[in-house]
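Reading the structure
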Amino acid sequence: LSGHKHIISAIAFSPDGSLLASASDDMRVKIWKVSSGSCLRDLIGHRDYVTAVSFTNDGTRVASASDDATLKLWDVASGRELRTYIGHTSFIWSLSISPDDRTMASCSRDGTIKFWDIARRTPLHAINGFTHPVWSVKMHPHQDIFAAGTKSHTVSVWDMDIGGRIASLDRHTDDVNTLCFNPDGSLLASGSDDNTIKLWDTATWQERATLLGHDDYVDSIDFSPDGTLLASGSDDNTIRLWDVAEHSCRKVLKGHS
């Protein structure tokens with residue numbers, strides 16, 4: 001997949017696996033057809049580095065976050081911008097969409113995780129008071145929990161109902177940039193500035209595997225809809241496709257060029 005010579009900051013599969021969204025520091029979001037490797041849409045509207053992308057679970061829209069402190073929602077079929085979400089006061093580093101497509105979570109340099117009503121563009125509530133910057137946030141596909149990756153090299157897991165932390169995963173040796181649950185919620189993947197991806201068992205919160213191969217920071221990861229593949233994007237300008245069961249790299253794509 002080639003589009004422009006920039007660092008790949010974010011990638012996400014569509015729910016049916018036929019499309020892949022990617023974003024970079026050129027302020028654009030691209031929509032790719034996986035089977036042909038062709039670029040179908042070029043989404044332009046952010047005014048700074050695009051840091052995160054995610055399809056809605058119905059596959060009709062894609063959300064993006066940016067260093068311009070906004071979130072945007074786009075129509076996949078037309079490429080049209082649908083909404084802009086304003087409320088953070090600094091760079092937004094990550095976003096996550098709830099399974100029912102009603103709520104979106106985002107974390108920012110302003111020290112907050114915000115939860116948004118997608119239909120109304122309004123923040124529902126925020127979690128404050130983190131002692132280290134939160135680089136990444138991801139909601140579980142079936143439970144009312146979410147995971148947050150931090151500059152302290154740690155992944156923390158939170159119960160959304162009680163607002164308390166239920167697990168702390170501290171096996172990375174550098175900042176945790178990106179998180180993703182697999183479709184059935186049994187695995188959590190985390191990508192880090194230590195150039196590795198770790199897989200965690202969500203029943204025990206124990207590390208299951210470490211995936212090695214990237215030569216630079218791992219910025220974005222996403223599971224395929226059937227959970228058999230994990231895609232990762234890195235500052236080394238490659239997208240790697242990993243076999244989740246075998247814990248091995250199946251293919252390397254030369255990213256944005």
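All values derive from a computational prediction rather than experimental measurement.

**Things to note about the overall build of the protein**
A count of helices and strands for the protein gives zero helices and 24 strands. A compact globule built from 257 residues should have a C-alpha radius of gyration of about 18 Å, and the protein, at 16 Å, falls within 12% of that. When the backbone C-alpha atoms are referred to their principal axes, the protein occupies close to 45 × 45 × 30 Å. Per-residue burial for the protein yields a buried fraction of 56% across its 257 residues. Long-range contacts, defined as pairs at least 24 residues apart, comprise 39% of the intrachain contacts of the protein with a sequence gap of at least 6. As presented, the protein carries roughly 10,700 Å² of accessible surface, and 46% of it is formed by carbon and sulfur atoms. Here the protein carries 25 positive and 34 negative side-chain charges, and the mean point of each set is 6 Å from the other.

**Section: the pattern of salt bridges**
Taken as a whole and judged by the stated rule, the model has nine salt bridges. With a shortest N-O distance of 2.8 Å, D42 and R28 are connected by a salt bridge. In this pair, D42 is assigned in strand β4 (residues 38–44) and R28 in strand β3 (residues 28–33), connecting sequence segments 14 residues apart. Take R28: its relative accessible area is 31%, and that puts it in the partly exposed class. D42 serves as the salt-bridge partner of K30, at 3.4 Å between the closest nitrogen and oxygen. One end of the pair, K30, is in strand β3; the other, D42, is in strand β4, with 12 residues separating them in the sequence. Bridged by salt links that share partners, the residues R28, K30 and D42 form one connected network.

**Structural notes on the environment of L40**
Here L40 is to be found in strand β4. Residue classification places L40 among the partly exposed positions, given a relative accessible area of 38%. Residues L40 and M160 lie 120 residues apart in sequence; the distance between their C-alpha atoms is 37 Å. Not counting the four nearest positions on each side in its chain, L40 is found in contact with L19, I31, W32 and K33.

**Observations regarding the state of the cysteines**
Under the defined criterion, the tally for this structure stands at zero disulfides. A disulfide-free cysteine, C107 has its sulfur positioned 14 Å from the sulfur of C180, the nearest such atom. The exposure class of C107 is buried, given its relative accessible area of 0%.

**A word on the nonpolar core**
Ranked by size, the top nonpolar core spans 14 residues in total, and within it V29, I31, V53, F55 and V62 carry the most contacts. Excluding its chain neighbours within four sequence positions, the residues that come into contact with V62 are A21, I31, L43, S54, F55, K72, L73, W74 and V76. Core analysis: the second largest hydrophobic core is formed by 13 residues, C180, I197, L230 and V244 among them.

**Some remarks on the sheet that holds strand β13 (residues 134–139)**
If you trace the four strands from one edge of the open sheet to the other, you get β13-β14-β15-β16, paired in antiparallel fashion. Looking along the sheet, the strands with just one partner apiece sit at the ends: β13 and β16 (164–169). Along the sheet, successive strands turn relative to each other by an average axial angle of 25°, direction set aside. Relative to strand β15 (residues 155–159), strand β14 (residues 145–150) runs antiparallel, the two being bridged by five bridges. Paired with I145 across the strands is D159, a residue of β15.

**Observations concerning the packing of aromatic side chains**
Under the definition given, this model contains four aromatic pairs. Seen in terms of ring centroids, F146 and W158 are 6.2 Å apart; in terms of plane orientation they differ by 5°. Their pairing is stacked. Pair noted here: F146 is in strand β14 and W158 is in strand β15, with a separation of 12 residues, a long-range link. Residues F146 and W158 agree in their burial class; the two are buried.

What counts as what
Residues numbered from 1 in each chain as written. Predicted model: local features only at pLDDT ≥ 70, side-chain atom pairs only at ≥ 80, totals over all residues. Heavy atoms only, no water. Helix = DSSP H or I, 4+ residues; strand = E, 2+ residues; numbered from the N terminus. Rg over C-alpha atoms; globule rule 2.2 N^0.38 Å. Buried < 20%, exposed > 50% of the residue type's maximum accessible area, 1.4 Å probe, protein only. Contact = heavy atoms within 4.5 Å. Areas by Shrake-Rupley, 256 points an atom, 1.4 Å probe, with all protein chains shown as cover. Lys, Arg positive; Asp, Glu negative; His and termini not counted. Charge placed at Lys NZ, Arg CZ, Asp CG, Glu CD. Salt bridge = Lys/Arg side-chain N within 4 Å of Asp/Glu carboxyl O. Disulfide = S-S within 2.5 Å. Core = buried A, V, L, I, M, F, W, Y, C linked by side-chain atoms within 4.5 Å. Pairing = 2+ DSSP bridges. Axes fitted to C-alpha atoms, helices over the stretch in contact; angles between N-to-C directions. Phe/Tyr/Trp six-rings, centres within 6.5 Å; stacked < 30°, edge-to-face > 60°.

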